[in-house]
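Remarks on the overall topology
Each chain, letter by letter, is given below.
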Amino acid sequence: MNAPGPSRAAGSRLTDESFVAMCDAALRRTYGLAGYLLGDATEAEDATQDAMDRAWRARGSLRDPAAFEGWLDRIVANVCRDRMRRRKLARMVDLETGPEHEAADPFRAFLDRDALGHALDALTPEQRIAVVLRFWRDLPLEEIATRLDWPLGTVESRLHHALAVMRVRLERDVGAELRETIQ
Amino acid sequence: MNDTEFEGWLASRLGDGPSPEPSPRLVALVHAGRRPGGALTRKPSLTMPGWFTAGRRGFAGLVGLAACVALAGALLLGISAKTSPNVSASGRPSISPTGTPTASPRPSTSPTAAATATALAATVVARVTGCQNPLGWDYAVSGNDLFVVCDASNSPSSNTAPGGAYAARVDLTTNKVTATYRYKTIMTYIEDMTVDDGSLWFDGTFGSACVPGCSGFRRLELFDVATGKNTLDLPNVELEGSAFGYVWVRNLSGGAMATEGPLRKLDPKTGQDRGSISFKMDSVQFACGSLWGITRSNWASADASTTVARIDPADGTVLAQFTVPGWLGGLQSVGSECWASVEPAGADLYTADYADLFVRIGESGVEYTSPRFDLNDDAGGTWWTAVDVQGGAFWLVSDDLGSSATLQRLDPSTWQPTGTLWQSGASGYQGDPFAIIGRSAWACDDAGGIARLDIPLGP
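What you are looking at is a predicted structure, and each value in this text was computed from that prediction instead of being measured.

Some remarks on the overall build of chain B
Broken down by element type, chain B carries 5 helices and 32 strands. Looking at chain B residue by residue over its 459 residues, the buried ones come to 52%. In chain B, the proportion of contacts linking residues at least 24 apart, taken out of those at least 6 apart, comes to 54%.

Let's talk about the nonpolar core
Counting residues in each nonpolar core, the largest one holds 78 residues, and the members touching the most others are Phe147, Val148, Ala167, Met193, Leu200 and Val359 of chain B. With 54 residues, the next largest nonpolar core counts Trp56, Ile75, Phe107 and Leu120 of chain A among its residues.

Looking at the pairing of strand β24 (residues 366–369) of chain B
Residue and element names in this part refer to chain B. The sheet contact formed by strand β23 (residues 357–361) and β24 spans 3 bridges and is antiparallel. When the sheet's bridge partners are listed, Arg360 is paired in β24 with Tyr368. Two successive antiparallel strands, β23 and β24, enclose a turn made up of 4 residues.

Quick notes on the sheet that holds strand β10 (residues 218–224) of chain B
Two strands in a sheet stick together by hydrogen bonds in their backbones, pointing the same way (parallel) or opposite ways (antiparallel). All names here are of chain B. Read across the sheet, 4 strands follow the order β8-β9-β10-β11 without closing on themselves; strand pairing throughout is antiparallel. Every interior strand has two partners, whereas the edge strands, β8 (189–196) and β11 (230–235), have only one. Direction aside, neighbouring strands of the sheet carry axes that sit 15° apart on average.

Observations concerning the environment of Leu38 of chain A
Residues and elements named next belong to chain A. Tracing the backbone through its elements, the reader meets Leu38 in helix α1 (residues 16–38). Linking Leu38 and Arg108, residues 70 residues apart in sequence, is a C-alpha distance of 9.2 Å. Residues within four places of Leu38 in sequence aside, it is in contact with Glu43, Ala44, Ala47, Cys80, Arg83 and Met84.

Cut-offs used in this document
- Residues numbered from 1 in each chain as written.
- Chains lettered and ligands numbered in written order.
- Predicted model: local features only at pLDDT ≥ 70, side-chain atom pairs only at ≥ 80, totals over all residues.
- Helix = DSSP H or I, 4+ residues; strand = E, 2+ residues; numbered from the N terminus.
- Buried ≥ 20, exposed ≤ 12 C-beta atoms within 10 Å, placed from the backbone.
- Contact = placed C-beta atoms within 7 Å.
- Core = buried A, V, L, I, M, F, W, Y, C linked by C-beta atoms within 7 Å.
- Pairing = 2+ DSSP bridges.
- Axes fitted to C-alpha atoms, helices over the stretch in contact; angles between N-to-C directions.

By themselves, these are just geometric observations and shouldn't be taken as functional.
Printed below as a string of structure tokens:
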């Protein structure tokens, strides 16, 4: 592995101490992104730890400290994408579905309030990443494209299809209630 | 409701989402993961199986599991397989002839054969009771017995529910559970399992979290298959698999979370230490008659790659090491050859949805790369697709997350579906994946048990 030196991230002006401080400052945001991508607090913790570990090991590849946020988002999105894909393909057991767990899981409780969570679950990982970055993180399309290294047209396409899927799913699940809510 | 109104609602709804504080556990784990020099600190996941950590993962590849999803879907929903428009629209791979085939099987670089999938139904031949909520991510086969992971609590992340995780032995002739194996206290998960020389080994976790410095979060257990007696308990040890006459393990460190250090060889019958070999890779696979070390590239880069090392199990000598562009799945024997699926490399990882391919691995590198399977699911559908190697065959699996799932076997001479296809056509699939063993699929059923399906493998 191309591990950088212990005290200075190779090729950047960031010291390890500065890098750690930036990661610490970004931890809550990173955990939130993972939480909305995965819809589960426990799994989000795992993914956040995984992403932070990968970021630490890859810190030498961060050339511009100003790009840290987008750089870290890409790692988080990639870690979560991998988890989502494997989870769906492997049909992992829904670990905790009882009301007690839902109450303790802020992400699940929020997403399941009105079937939004089910609508997000119907998306592909890429579609969900696009939706969460656009509507939870409130990033413009161009920033999402830059952050994930996706062509702008791809971001637009994924969002377009994601919204279509979500509308169908939400209308099917909650129907008139949703229309009343939105209107 | 028009598009603008919907987007506005979504922005408001999601934008109001909470941003919870990370737990002290998470903060502690993140801090513990930073080591001088960028040392590796891989830890077992608390919520996902260690796909790339177990030696037998090559046999329990993802699509094998996903294939069972399709099969189980067909089974559980009681559908008669039939061809759906969705299959040709989304499930059939669109092959971009970017591969460079060099040897057998004889793939066409520009396959033009039309997919001629013929619907064949998977038939349920037995249902196994006595294994509650079987967890499909690990199992072992020995002689005429299948060993599976069960969970009495149906709540693997909870250590308070009665029962916890345990192993069950299923007679493959009678399809009956003939024995169960439990540790003396409640085990939250069973992560990895192997059977060797009349002994059952599994490792698992206890409790819901391990903060740095904790001990015994993960333990390795040895049971005598015949008597059911628990004869060895090793804390802070992770099972990697059994091969070459040994059970292989690694020590856990860093608060019993990170696997590090050499591969240790244990006597499969007694657990006595038989030596160790140096091992510097992230994960282990025992497949295709060899010991492999697998390390994925760092995830900050778009240049995903997998470093593969073939290792002499006698002394740890690296016999060959090479890099595969993309992320390599589980290695798997197909006849006398060794194959794996690969997720794309480079920018494709981000710009293409899934353009998986197959590679044939030789003793010192990739001998053959298949054409890519364009599994792009951005056409408006919500299909999950993947390719993988399982049960000595090549598979394409599509699952639209609720209303339909298909499994197709691919002909390696054309890389087109061969005509063997299973499909579910109703919603509400609740089963868990399981395994393909011989000519049978074993899948969890909606009653919390196991169903055995006979598979018409087709041409």
